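The chain contents come next:
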Amino acid sequence: MSGFSPELIDYLEGKISFEEFERRREERKSREKDGENACAEENSEDIDAPSSSRKASGKFHSQDETEGETADGVSKSVHRVFASMIGENEEEDDDEEEEEEEEETPEQPTAGDVFVLEMVLNRETKKMMKERRPRSKLPRALRGLMGEANIRFARGEREEAILMCMEIIRQAPLAHEPFSTLAMIYEDQGDMEKSLQFELIAAHLNPSDTEEWVRLAEMSLEQDNIKQAVFCYTKALKYDPTNVRYLWERSSLYEQLGEHKNAMDGYRRILNLLSPSDGERFMQLARDMAKSYYEANDVTSAIEIIEEAFTKHPCLVFMEDVNIAAELYISSKQYDKALAVITDFAGIVLEKKVSEKCPTEEKKEDTASVVETQESQEEAVTDSQSHPVAESSTAAVEKVNCCIPEGVPIDITVKLMVCLVHLNILEPLNPLLTTLVEQNPEEMGDLYLDVAEAFLDVGEYNSALPLLSALVCSERYNLAVVWLRHAECLKALGHMERAAESYAKVVDLAPLHLDARISLSTLQQQLGRPEKALEALEPMYDPDTLAQDANAAQQELKLLLHRSTLLYSQGKMYGYIDTLLTMLAMLLKVAMSRAQVCLISSSKSGERHLYLIKVSRDKISDNDDQEAANCDAKAIFAVLTSVLTKDDWWNLLLKAIYSLCDLSRYKEAELLVDSSLEYYSFYDDRQKRKELEYFGLSAAILDKNFRKAYNYIRIMVMENVNKPQLWNIFNQVTMQSQDVRHHRFCLRLMLKNPDNHALCVLNGHNAFVSGSFKHALGQYVQAFRAKPDEPLYSLCIGLTFIHMASQKYVLKRHALLVQGFSFLFRYMDLRGPCQESFYNLGRSLHQLGLLHLAIHYYQKVLELPPPTLEGIETDQTDLRRDTAFNLSLIYQSSGNIRMAQKMLYTYAVV
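About the thresholds
- Residues numbered from 1 in each chain as written.
- Predicted model: local features only at pLDDT ≥ 70, side-chain atom pairs only at ≥ 80, totals over all residues.
- Heavy atoms only, no water.
- Helix = DSSP H or I, 4+ residues; strand = E, 2+ residues; numbered from the N terminus.
- Buried < 20%, exposed > 50% of the residue type's maximum accessible area, 1.4 Å probe, protein only.
- Contact = heavy atoms within 4.5 Å.
- Areas by Shrake-Rupley, 256 points an atom, 1.4 Å probe, with all protein chains shown as cover.
- Pairing = 2+ DSSP bridges.
- Salt bridge = Lys/Arg side-chain N within 4 Å of Asp/Glu carboxyl O.
- Expected span 1.5 Å × (residues − 1).
- Phe/Tyr/Trp six-rings, centres within 6.5 Å; stacked < 30°, edge-to-face > 60°.
- Lys NZ or Arg CZ within 6 Å of the ring centre and 35° of its normal.
- 1 Å grid on protein atoms, 1.4 Å probe; cavity = no way out; pocket = protein on both sides within 12 Å on 5 of 7 lines; lining within 4 Å.
- Points joined across faces, edges and corners; volume = space filled by probe spheres on them.
- Axes fitted to C-alpha atoms, helices over the stretch in contact; angles between N-to-C directions.
- Left-handed = near helix turned anticlockwise from the far one by under 90°.
- Nonpolar A, V, L, I, M, F, W, Y, C, P; charged D, E, K, R; others polar.
- Patch = residues over 30% accessible without salt bridge, like charges linked within 9 Å, V, L, I, M, F, W, Y side chains within 5 Å.
- Lys, Arg positive; Asp, Glu negative; His and termini not counted.
- Charge placed at Lys NZ, Arg CZ, Asp CG, Glu CD.
- Polar contact = N/O pair within 3.5 Å; in protein donor to acceptor, adjacent residues only side chain to side chain.
- Parallel < 35°, antiparallel > 145°, perpendicular 65-115°, else oblique.
- pLDDT = per-residue confidence, 0-100.

Student: Which residues make up the overall build of the protein chain, and what values do they have?
Tutor: Each helix and strand in the protein chain was counted, giving 52 helices and four strands. Taking all 910 residues of the protein chain together, 41% fall into the buried category. Taking contacts inside the protein chain between residues at least 6 apart in sequence as the whole, the part at least 24 apart equals 54%. Counting every atom, the protein chain has about 51,400 Å² of accessible surface; 50% of that belongs to carbon and sulfur.

Student: Account for unusual backbone geometry, with residues named and values stated.
Tutor: Of note in the backbone geometry, Lys333 takes a positive phi value of approximately 65 degrees without being a glycine. Here Lys333 is to be found in the loop between helix H18 (319–331) and helix H19 (335–345). Positive phi is not limited to glycine here, since Lys812 has a value of about 55 degrees. Mapped onto the fold, Lys812 is located in the loop between helix H46 (791–805) and helix H47 (813–831). By relative accessible area, Lys812 is classed as exposed at 69%.

Student: Pulling in residues and values, what's your account of the pairing of strand S4 (residues 609–614)?
Tutor: Sheet topology note: the strand S3 (residues 597–602)/S4 ladder contains six bridges and is antiparallel. Note that in S4 the partner of Ile600 across the bridge is Tyr611. Joining the antiparallel neighbours S3 and S4 is a turn of six residues, in which Gly606 adopts a positive phi near 100 degrees.

Student: I'd love a proper account of the pattern of salt bridges, names of residues and values included.
Tutor: All told, the structure shown has 28 salt bridges when counted by the stated rule. Notably, a salt bridge pairs Arg563 with Glu538, separated by 3.8 Å at the nearest N-O pair. Placement of Arg563 in helix H32 (residues 550–569) and of Glu538 in the loop between helix H30 (530–536) and helix H31 (543–548) is noted, with a sequence separation of 25 residues between them. Its relative accessible area of 14% is what places Arg563 among the buried residues. With a relative accessible area of 35%, Glu538 lands in the partly exposed category. Beyond isolated ion pairs, a larger network of salt bridges with shared partners links Lys646, Asp647, Asp685 and Lys688.

Student: Give a detailed account of the environment of Pro276, specifying residues and quantitative values.
Tutor: Residue position: Pro276 is located in the loop between helix H15 (260–273) and helix H16 (279–295). Exposure remark for Pro276: the relative accessible area of 73% places this residue in the exposed category. Taking the C-alpha atoms as reference points, Pro276 and Lys312, 36 residues apart in sequence, are found 8.1 Å from one another.

Student: Can you break down H47 residue by residue, with the values?
Tutor: Between its terminal C-alpha atoms H47 stretches 27 Å, which fits the 27 Å expected from 19 residues at 1.5 Å a residue. Along its buried surface, H47 packs onto helix H45 (773–786), H46 and helix H48 (835–848). Among the residues trailing H47, Gly832 stands out with phi positive, at a value near 90 degrees.

Student: Which residues make up the packing of aromatic side chains, and what values do they have?
Tutor: With the rule as written, the count across this model stands at 19 aromatic pairs. Their ring planes at 45 degrees and their centres at 6.4 Å tell us that Tyr233 and Tyr246 sit as a pair that is tilted. Separated by 13 residues along the polypeptide, Tyr233 in helix H13 (residues 226–239) and Tyr246 in helix H14 (residues 244–257) bring together distant segments of the chain. The exposure classification of Tyr233 matches that of Tyr246, with both residues buried. Considering the side-chain rings of Phe784 and Phe823, the 5.7 Å spacing of their centres and the 80 degrees angle between planes classify their relative orientation as edge-to-face. Taken as a pair, Phe784 in helix H45 and Phe823 in helix H47 lie far apart in primary sequence, 39 residues in all. Accessibility expressed as a relative area gives 16% for Phe784, which makes it buried. Put simply, the rings of Tyr710, Trp727, Phe730 and Phe745 touch in pairs and so form one group of aromatic residues. Here Lys688 stacks its cationic end above the ring of Trp650, 5.5 Å away from the centre of that ring. The ring of Tyr683 is capped by Arg689, whose NZ or CZ atom sits 4.9 Å from the centre of that ring.

Student: Before we move on, can you summarise empty space enclosed by the protein with the specific residues and values?
Tutor: Evaluated as defined, the whole model comprises one cavity of 30 Å³ or more. Its volume calculated, the largest cavity comes out at about 30 Å³. The wall of the largest cavity is formed by Leu581, Leu584, Ala585, Met592, Leu599, Leu612 and Leu672. With three residues, the single largest contributor to the lining of the largest cavity is helix H33 (residues 573–587).

Student: Give me the lowdown on the packing of helix H26 (residues 461–472) against helix H27 (residues 480–493), citing residues and values where you can.
Tutor: As a packed pair, H26 and H27 sit with axes 9 Å apart at the nearest point and diverge in direction by 145 degrees. With respect to the hand of their crossing, H26 and H27 are arranged in left-handed fashion. Counting all contacts with H26, which are made through Tyr461, Asn462, Ala464, Leu465, Leu468, Ser469, Leu471 and Val472, the residues of H27 involved are Val482, Trp483, Arg485, His486, Cys489, Leu490, Ala492 and Leu493. Here the contact of H26 with H27 is composed, by residue class, of twelve nonpolar, three polar and one charged.

Student: Tell me about a positive patch on the surface, and please be specific about residues and values.
Tutor: Taken together, Arg714, Arg744, Arg748 and Lys752 make up a surface patch of like positive charges. Per-element accounting of the positive patch gives the leading share, three residues, to helix H43 (residues 741–752). Relative to the helices and strands, Arg748 is located in helix H43.

Student: Could you give an account of helix H44 (residues 757–770), with specific residues and numbers?
Tutor: An ideal rise of 1.5 Å per residue puts 20 Å on 14 residues; H44 measures up with 20 Å between its terminal C-alpha atoms. Within the span of H44, buried status applies to Leu759, Cys760, Val761, Leu762, Asn763, Gly764, Asn766 and Ala767. Structurally, H44 contributes buried residues whose contacts are with helix H42 (724–737), H43, H45 and H46. Measuring from the side-chain oxygen of the N-cap residue of H44 to the backbone nitrogen of Ala758 gives 3.3 Å; that N-cap residue is Asn756. The first or second residue beyond H44 is Gly771, which carries a positive phi of 90 degrees.

Student: Provide a residue-level description of the environment of Val597, including the pertinent values.
Tutor: Looking at where Val597 falls in the secondary structure, it is placed in strand S3. Relative accessible area serves as the criterion here: at 5%, Val597 is assigned to the buried category. Separated by 77 residues in the primary sequence, Val597 and Asp674 have C-alpha atoms spaced 8.5 Å apart.

Student: Kindly report on the packing of helix H23 (residues 410–422) against helix H25 (residues 441–458), identifying the contributing residues and their values.
Tutor: Between H23 and H25, whose axes approach to 9 Å, the crossing angle comes to 5 degrees. Between H23 and H25, the crossing angle belongs to the class labelled roughly parallel. Contact residues: H23 offers Ile410, Asp411, Val414, Met417, Val418, Val421 and His422, while H25 offers Met444, Leu447, Asp450, Val451, Ala454, Phe455, Asp457 and Val458.

Student: Kindly report on a nonpolar patch on the surface, identifying the contributing residues and their values.
Tutor: On the surface, Phe885, Leu889 and Leu904 cluster together into a nonpolar patch covering about 240 Å² of accessible area. Checked against the element boundaries, Leu889 lands in helix H51 (residues 880–894). For Leu889, a relative accessible area of 36% gives the class partly exposed.

Student: Report on the side chain of Glu556, specifying residues and quantitative values.
Tutor: By secondary structure assignment, the location of Glu556 is in helix H32. Although Glu556 is buried, it forms no salt bridge, and the closest oppositely charged side chain is Arg517 at an N-O distance of 7.6 Å. There is a polar contact of 3.4 Å between the side chain of Glu556 and the backbone nitrogen of Tyr541. Discounting chain neighbours no more than four positions away, the residues touching Glu556 are Pro539, Met540, Tyr541 and Leu546.

Student: Requested: an account of the confidence of the model for the protein chain, with residues and values cited.
Tutor: For any part of a model where pLDDT is low, the fine detail of the predicted coordinates should not be relied upon. Summarising the model, the protein chain shows a mean pLDDT of 80, and 80% of its residues fall at 70 or more. Across residues 81–107, confidence stays below pLDDT 50; counting only partners more than four residues off in sequence or on other chains, it has 13 contacts.

Below, the structure is given as structure tokens:
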């Protein structure tokens, strides 16, 4: 099979479809054609070189190209040559001028004439073969083998026939005969699929046989290959584009495939091909197409089809067609055209009685002018308008009358009413309404509803209410949509109590109707029933449905937004937080899973509410399939962000954090911040990420989770190392955490920022607490040199010297004490006389055992009032209790128990 084309091999092996095979073959043929054209251009000079024989027959060749042919298909040049050979006379016919016949003397044919005749006959034979029958691409050398293969097949020697056909295909892959024979062989063996494949190739190599393509389409349908059948019908239509049957079959197949547009395009071509005598067929097809377009929500195309049908065959328009046309126009809000169709084709007459002045002109200008379909009706209208009583009655007031002949269906009458209502022509409606009300609402309820909705659209609520009331009282039309219209009508008329009852009925019949729930809640709130208003906004879906259905999540989110607003206005903060957490859990589902946070329902506070808790990774993995959750979350996220924008979700998150902190639920605020930081949309926004980190830090400090607070503040001070406020918070967190891991952090950060003042002091404090007094002294001295007038640094240096002097093994203790007290007194001078300075000096003397001097400074502390600081209560800054306790210890150690008790009773008793 080395001679086979690659696409043919792939198709026979089942790797590609027939459509793909044809596409590849066409591409290969185009490439080969381009190559042949290039070769032809190179050899153009050789081809154009004239030969001696062509010179001899030059005049005959030119005549052959210019002259026509006879009825039997032979050119006139051949006839002329035969005439010259047998001695006949030639007759020349000229349309412009007539001449006399001249006889020529017969001449004997020469050898050159015979040679020319043979060349002309050969050329004519080739031309006739090319035009009259399809040229076979099977070479003569292989035709005998092809015949032998057919004979072998007829004898039942299938294997030998298959091998022969394969050999023919190898040598002549463009011949269709071996493929046709193979198709028959495999069909005889019962292998219909393979037979169809070879038959398709044969048809492709001989594509002008339309009947063969149709047969292949039917075979494809037998194998349920509709796409291939469509392809075959398309090929057949290429060579027979006006065949209505082929178009019809292909359009039907397109409908089965769901390709509505292609099917409708085919039906449109059929409409254009139908003759005027096929009016009934045209109308039936137009009806079906209009219905199909209407079902596909393509009202514009449906109207175009029905208008074309009405224009071409107005005599074949029935009431069904009028009903369809009116329905289409009404659905597209073209009420004037709908009214024109009804009056033109249904025999309905609208007559307007006007004043005597220029009645004809007023009729032409008014939109509700008289529309008549028959001459007898025109005469009747003229008689009625010319009646003197009518003229006198409408001299001041215009009046429109409607005349409906018998036999007009009630559906068309109702559509007429709808058009009149929307066009604000209300005079003829009373008798029509009477006719409608006489109908049983159990049978004509849809018509009741159409008229009622028309009245509601134009604001005629009083006219719509009786019709809707009749419908809600019926059994068949006691539906949620009817009750909803009834409630809207009552609400517009101001009947709030009855409207609330109707909305409640809608919620009972359709619990998932969001608009009805919201309207009912609003009415209950207006009527002073807050509990019932909240009851109307209860959740509609369970969590499993919300996790899988994006539309359900969208509806639930809208309901929760209204519920949260209502709860906040009523001051029910726990319920308000429940709704906020529910909404945020819908958005942050995947983020909460990554943060190991779960939303649970618990009744630990006496009532059942929602709470955020931290769970282990194992429980999350067991409960949720992460991949499925991520896929569902993407679809739900797209729907949720269509309801609320990114900024709206951010504001919702801030409200939830503030509300949790107001209720002292700081742990849950931390978990909510953790989940939000795992949400990429917030984390990618630098400003929002920083704000969330500050929220997390505040919540952790309020929750006394200083280890977690340290993780937040550590990153903040690294990014903003020169902000004193952050260092103050850092100091507060490290003081409360009772953790020493910040020592190394401060030292490493000091290496990167050696001139940072806050880091210098903090490293001094860390070294002082650790007992590294010399290191602490170096840091304090560095800070003192930077700001010598700061009392704190003098105090720190002085206390460092005192602690160094208090050690057991120390050299030059006296020098250390002198230096320490010099810095302490410098501190007291800078700070001034106050409780703080006297207490610190007394405490230093107390530590050294200089009790008499310590008592002196302690007593000064007791004599001074506490400092007054803004934002801090004086009880928190008063050092007299601490001083009294230290004095009691001194008195107790000296044996003065009564004095010690006096100090405690005076200053330390609460």
